[in-house]
Amino acid sequence: MENRPLEYDYSVAKLFMFTTIVLGIVGMLIGVILAFQLAFPSINLLLGEGLAEYTNFSRLRPLHTDAVIFGFTLSGVFATWYYIGQRVLKVSMAESGFLMFIGKLHFWLYVVGVAAVVVSLFMGITTSKEYAEFEWPIDIAIVIVWVLWGISVFGLIGIRRERSLYISIWYYIATFLGIAMLYLFNNMEVPTYFASGGIGAWYHSVSMYSGTNDALVQWWYGHNAVAFGFTVPIVAMIYYFLPKESGQAVYSYKLSLLSFWGLMFVYLWAGGHHLLFSTVPDWMQTMGSVFSVILILPSWGSAINMLLTMKGEWQQVASSPLIKFMVLASTFYMFSTLEGPIQAIKSVNALAHFTDWIVGHVHDGVLGWVGFMIMAALFHMAPRVFKRELYSKALMTTQFWIQTLGVVLYFTSMWIAGITQGMMWRAHDEFGNLAYSFIDTVTVLHPYYTIRAVGGLLYLIGFFMFAYNIYKTMSARPVEENELQSATPMAA
Amino acid sequence: MFHWLEKRPFFFAVAVFLTIAFAGLIEILPNFAQASRPTIGTAPYSTLELAGRHVYIKNSCNACHSQLIRPFKAETDRYGHYSLSGEYAYDRPFLWGSKRTGPDLMRVGNYRTTDWHENHMYDPAGVVPGSIMPAYKWMFTNIADVDTAYAEQLTIESVFNVPYNKPIPMKDGSTSTVALADSLEGAHASALEEAKLVAEDMKNQDVKDAVANGQIPEIVALIAYMNSLK
Amino acid sequence: MDIADIQAYAYFFFTGFLVLVLYGYIYHLYSSERKGERDYEKYGDIALNDEVTDKPVETISEKEIEKKEA
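Residues numbered from 1 in each chain as written. Chains lettered and ligands numbered in written order. Predicted model: local features only at pLDDT ≥ 70, side-chain atom pairs only at ≥ 80, totals over all residues. Heavy atoms only, no water.

**With respect to the packing of helix H1 (residues 11-39) of chain A against helix H3 (residues 57-89) of chain A**
Residues and elements named next belong to chain A.
Argument step 1. Between H1 and H3, whose axes approach to 7 Å, the crossing angle comes to 155 degrees. Relative to H3, the element H1 is oriented roughly antiparallel. As for the relative orientation of H1 and H3, their crossing is left-handed in sense.
Argument step 2. When grouped by side-chain class, the residues that make up the contact of H1 with H3 number 21 nonpolar, 10 polar and one charged. (Axes fitted to C-alpha atoms, helices over the stretch in contact; angles between N-to-C directions. Helix = DSSP H or I, 4+ residues; strand = E, 2+ residues; numbered from the N terminus. Parallel < 35°, antiparallel > 145°, perpendicular 65-115°, else oblique. Left-handed = near helix turned anticlockwise from the far one by under 90°. Nonpolar A, V, L, I, M, F, W, Y, C, P; charged D, E, K, R; others polar.)

**What about the nonpolar core?**
Argument step 1. Within the largest apolar cluster, 190 residues are counted, with the highest numbers of intra-cluster contacts made by Trp149, Tyr166, Phe228, Phe241 and Phe260 of chain A.
Argument step 2. It is helix H8 (residues 211-246) of chain A that contributes the most residues to this core, 20 residues altogether.
Argument step 3. Viewed by domain, this core spans two of them, domain 1 (2-34) and domain 2 (41-228) of chain B, each represented by three or more residues.
Argument step 4. When near neighbours in sequence (up to four residues on either side) are disregarded, Tyr166 of chain A contacts Val88, Tyr239, Tyr240, Pro243, Val250 and Tyr253 of chain A together with Tyr43, Gly44, Ile46 and Ala47 of chain C.
Argument step 5. Within the second largest apolar cluster, 38 residues are counted, among which are Ala52 of chain A together with Ala51, Ile216 and Leu222 of chain B. (Core = buried A, V, L, I, M, F, W, Y, C linked by side-chain atoms within 4.5 Å. Buried < 20%, exposed > 50% of the residue type's maximum accessible area, 1.4 Å probe, protein only. Domains from an automatic or database assignment. Contact = heavy atoms within 4.5 Å.)

**Details of the confidence of the model for chain B**
Low pLDDT means the predicted atomic positions in that stretch should not be read closely.
Argument step 1. Taken as a whole, chain B shows an average pLDDT of 91; of its residues, 96% reach a score of 70 or greater.
Argument step 2. Ranking the elements of chain B by mean pLDDT puts helix H3 (residues 32-35) of chain B last, at 69, and helix H11 (residues 218-228) of chain B first, at 97. (pLDDT = per-residue confidence, 0-100.)

**Remarks on helix H4 (residues 47-58) of chain B**
All names here are of chain B.
Argument step 1. Taking 1.5 Å as the rise per residue, H4 with 12 residues should run 16 Å; its terminal C-alpha atoms sit 16 Å apart, in good agreement.
Argument step 2. Of all 12 residues that make up H4, 11 are buried, and the element is covered over most of its length.
Argument step 3. Packing partners of the buried residues in H4 comprise helix H8 (146-160), helix H9 (184-200) and H11.
Argument step 4. Note on H4: the residue one or two positions beyond its end, Ser60, has a positive phi of about 45 degrees. (Expected span 1.5 Å × (residues − 1).)

**Considerations on the interface of chain B and chain A**
Argument step 1. With 80 residues of chain B in contact, the opposing surface of chain A contributes 93 residues.
Argument step 2. In this structure, the connection of chain B to chain A is made through two salt bridges.
Argument step 3. The residue Glu49 of chain A makes a salt bridge to Lys137 of chain B at a minimum N-O spacing of 3.5 Å.
Argument step 4. Where chain B packs against chain A, one counts 26 residue pairs in polar contact (both at pLDDT 80 or more).
Argument step 5. At the level of elements, helix H1 (2-7), helix H2 (9-27), H3, H4, helix H5 (73-79) and H8 of chain B are the ones that each hand at least two residues to the side of chain B that touches chain A.
Argument step 6. Its residues assigned to classes, the side of chain B that touches chain A shows 44 nonpolar, 20 polar and 16 charged. (Salt bridge = Lys/Arg side-chain N within 4 Å of Asp/Glu carboxyl O. Polar contact = N/O pair within 3.5 Å; in protein donor to acceptor, adjacent residues only side chain to side chain.)

**A look at H8 of chain B**
Structurally, the α-helix is built with 3.6 residues per turn, so residues lying three or four positions apart point the same way.
Argument step 1. With 15 residues, H8 of chain B should reach 21 Å at 1.5 Å per residue; the first-to-last C-alpha distance of 20 Å fits that figure.
Argument step 2. H8 of chain B sits mainly inside the fold: 11 of its 15 residues count as buried.
Argument step 3. For H8 of chain B, the full list of buried residues reads Val146, Thr148, Ala149, Tyr150, Ala151, Glu152, Gln153, Leu154, Thr155, Ile156 and Phe160 of chain B.
Argument step 4. Against the buried residues of H8 of chain B lie strand E1 (189-191), helix H7 (192-195) and strand E2 (205-207) of chain A together with H4 and H9 of chain B.
Argument step 5. In this structure Asp145 of chain B caps H8 of chain B, since a side-chain oxygen of it lies 3.4 Å from the backbone nitrogen of Asp147 of chain B.

**What to know about the interface of chain C and chain B**
Interface size is commonly expressed as the accessible area that is lost once the parts come together.
Argument step 1. Taken together, the contact between chain C and chain B spans 16 residues of the former and 11 residues of the latter.
Argument step 2. Contact between chain C and chain B buries roughly 1200 Å² in total, counting both sides, with carbon and sulfur atoms accounting for 66%.
Argument step 3. For chain C, the biggest contributors to the area lost against chain B are Gln7, Phe14 and Tyr25 of chain C; these three give 35% of the whole.
Argument step 4. Between the two partners, chain C and chain B, sit zero salt bridges.
Argument step 5. Linking chain C with chain B are zero residue pairs in polar contact (both at pLDDT 80 or more).
Argument step 6. No other element matches the 11 residues that helix H1 (residues 3-34) of chain C contributes to the side of chain C that touches chain B.
Argument step 7. Across the side of chain C that touches chain B, the residue classes tally to nine nonpolar, four polar and three charged. (Buried area = accessible area lost by both parts, 1.4 Å probe.)

**With respect to the pattern of salt bridges**
Argument step 1. Applying the stated criterion across every chain yields a total of 22 salt bridges over all chains.
Argument step 2. Here Lys99 of chain B ties to Asp356 of chain A by a salt bridge, and the two come within 3.4 Å at their closest N and O atoms. Of the two residues, Lys99 of chain B sits in the loop between H5 and helix H6 (114-122) while Asp356 of chain A sits in helix H15 (residues 356-385), which places them in two different chains. The burial state of Lys99 of chain B is the same as that of Asp356 of chain A; both residues are buried.
Argument step 3. In this structure, the salt-bridge partner of Glu218 of chain B is Lys58 of chain B, at a minimum N-O distance of 2.9 Å. Within this pair, whereas Glu218 of chain B is found in helix H11, its partner Lys58 of chain B is found in helix H4, the two being separated by 160 residues in sequence.
Argument step 4. Relative accessible area serves as the criterion here: at 4%, Glu218 of chain B is assigned to the buried category.
Argument step 5. One continuous salt-bridge network, built from bridges that share partners, spans Arg87 and Lys244 of chain A together with Asp50 and Glu51 of chain C.

What follows is the structure, encoded as structure tokens:
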């Protein structure tokens, strides 16, 4: 033992890579089912009348969002942390039995939490707050999982060899703190079973906030859960994986530091844009709009920095499918961070809010940016973690184009659907009466819902190709002897 | 100064936290008391209505239906008066929703009847041709959870001082009271009283029989809740 | 002065303060590089040379030296 050279220990990263893939399939599969249900309502009876309660759109919808956010994305964040964290701090988890134990405990408790979430949401046990549907017992479990991750992060930082924290670590720290604060405050609730002296369901609780306040806290959370779940940790990934894979250091490290502080300050203010024209105070709505527009700056700071990192190395985009994934991800990041502020402008929001345009925005961000980046991260990690060459480059390229087509179909159809419906809702005839009944604005969407469902299906097919590629990498490739530097080795 | 921070993970984390916590502190905290004051005419939910609200939440109706009317002519024409902050004072949690796959329900009690809801929940496309809403047939057999609704009422009365059994000012200058039973049996009895009124207007024989036998199917509670949305 | 005023003032001054800090930071980044005190761009190499056997860009032991000097 003493004589073996020190190596990074990826055992926890491997476990989380596994859940990233499994929960990604679950979340996306449910998403595709939901999309087809909107186009063809008979699919609500997927498993017959008897199980309709559990296969119906409204029961599955929270499962889809939570499986993608807390399953796929969060697993991806943890997997990459347990990979990047060691490498940029230049310390192995094998050096600390304590951190290794915490890491494994973190994983297994996470799995238990996920199982509890799936069961409870199928049963219809929910608080109704988006991305915070879990009742109090699961909330407590999530807090414990989060604290364990915090111990992992700060524990590893505590024993580091590299004195300065790489920019990715900054973003992981922000993810940890941001989600911790938001989650705690948004889930303040009173368990009714205990407060009433043992009456009713033991898991039920009632929100500490009511009405407008509840909405304000919820969207302060909802918006920033996107910030600290879908933006901050994904930026952490691209700041590591793109330079590493391309062999080019970040174009401007100073710009990356500035963008970080800009993002931290501005992002939280933008939450008000979810509540434009609602009953929250006007000045707060205006703040939400203004800061959403300012938010373009730090977001584009990071995205442009990534694209400039590829300066003079653009031939890599043509030759490496992995670089394709990451460059497309940062392009989609720019795209959706421009689209979001546009939707936050009051007059645009009046049209877009409550329509499918918002759904389209969420998905070009999540499919194009988050999904592509996490898959790219796993593609980069797999050969190093399993010490094997990637199974198939051709499969990767095919997957890339299929999924890109899927995302494009998705967001274009949702734009048209959203704007069409928004315009029809507000249309008046020559006498000043509403021109359309509500159902007119629903039936008109059928073709777009169908296109969207096909787009989602293409993305899911691509994800299955990804899972297969990783599986074959683990099992079918010969062990790699060479030291891997930048570009990931791939078999044709 | 800056470099000092970059080298110290703990103080760095504190700085990040202060930066991100600032917006929440300024935005949310100061308006808390003001935003939670009820408007005249807003009353807390009765036991049956609250049980119906739980059915609404259990089936994520809020995933497709909003309860927020924005101050535009097109919206007030379609759904009624725009929403006021105080109207939500007793909504825990709020159910504004974020997507209108179906129409807004904030004031659905003003223009839909028990009979309409009953047929619509059983077969939406039969009532509204072209509807993509799924049917909710299980609500006609599942029994509503009155216990939990009562537990929630007790909780909000004691923890948040929700005015049960107290006079509440109405728009016409009169007052009205929402009763809260002093025992679980009492709560069941008063919920059943209310359920009988709803079931009178319904056609489904199984539901009518269940209510006659002292049971409250989910659909009855849900309709009581929908009728209270005004 | 009611709570709404305090809110507005707190908002105004804290935002101003953070904007100043951010510009100060930009100045710090560029001036320390020009003066040769610290080259921030070298930290980009942390990602590239990240084998456990690679030499750290800055080793942790320098901290002790800095402490003695302070």
